[in-house]
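Residues per chain are reported as follows:
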Amino acid sequence: MSKYFLHGSLNAKEGKGEELAGILLEASALVSKAKGCQLYLISISPEEPDTVWVTEVWDSEEDHKASLKNEEVRSLISKAMPILGGQPQQGQTLVNLGGHGV
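To keep things clear, this report deals only with the structure shown in the data block. Just so we're clear, the structure is a prediction, and the values are computed from it rather than from any experiment. (Residues numbered from 1 in each chain as written. Predicted model: local features only at pLDDT ≥ 70, side-chain atom pairs only at ≥ 80, totals over all residues. Heavy atoms only, no water.)

**Description of helix α3 (residues 71-80)**
An α-helical turn contains 3.6 residues, so any two residues separated by three or four positions project in the same direction. Those residues of α3 not exposed but buried are Val73, Leu76 and Ala80. The buried residues of α3 occupy an angular sector of 60 degrees when the element is viewed end-on, so they sit on one face. Exposed positions of α3 whose direction lies more than 90 degrees from the buried face are Glu71 and Ser78. Residues of α3 that are buried in the fold lie against α1 (17-31) and α2 (61-67). (Buried < 20%, exposed > 50% of the residue type's maximum accessible area, 1.4 Å probe, protein only. Helix = DSSP H or I, 4+ residues; strand = E, 2+ residues; numbered from the N terminus. Arc of directions from axis to C-beta. Contact = heavy atoms within 4.5 Å.)

Okay, structure coming up:
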């Protein structure tokens, strides 16, 4: 069975990367209990502290979409929007070719 993989970044306003990462870590705690969530990883590069990377693995695209309808998740999205340095870009949907893990 294939999984649904997403990888992308969000750019925070200058100096707001840590705050954005905190909000996304809260989201990670919420979606970790959601149906189909296998991985929700938040990371940053020390060279670009206002860019926060999100890597997600879901059982299906439908499970991912359902998680975005959760009221607590929607609240965190609303909380993050004012500190973004522009409209978020859609993450890349990836095809898993294999490897260790998920």
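**Side note on the pairing of strand β3 (residues 48-58)**
Both strand β1 (residues 4-11) and β3 contribute to a ladder of eight bridges, which runs antiparallel. Looking at the pairing, Ser9 lines up with Trp53 of β3. Relative to β3, strand β2 (residues 37-45) runs antiparallel, the two being bridged by eight bridges. From the neighbouring strand, Ile42 faces β3, where its bridge partner is Val54. The turn joining β2 and β3, which pair antiparallel and follow one another in sequence, is formed by two residues. (Pairing = 2+ DSSP bridges.)

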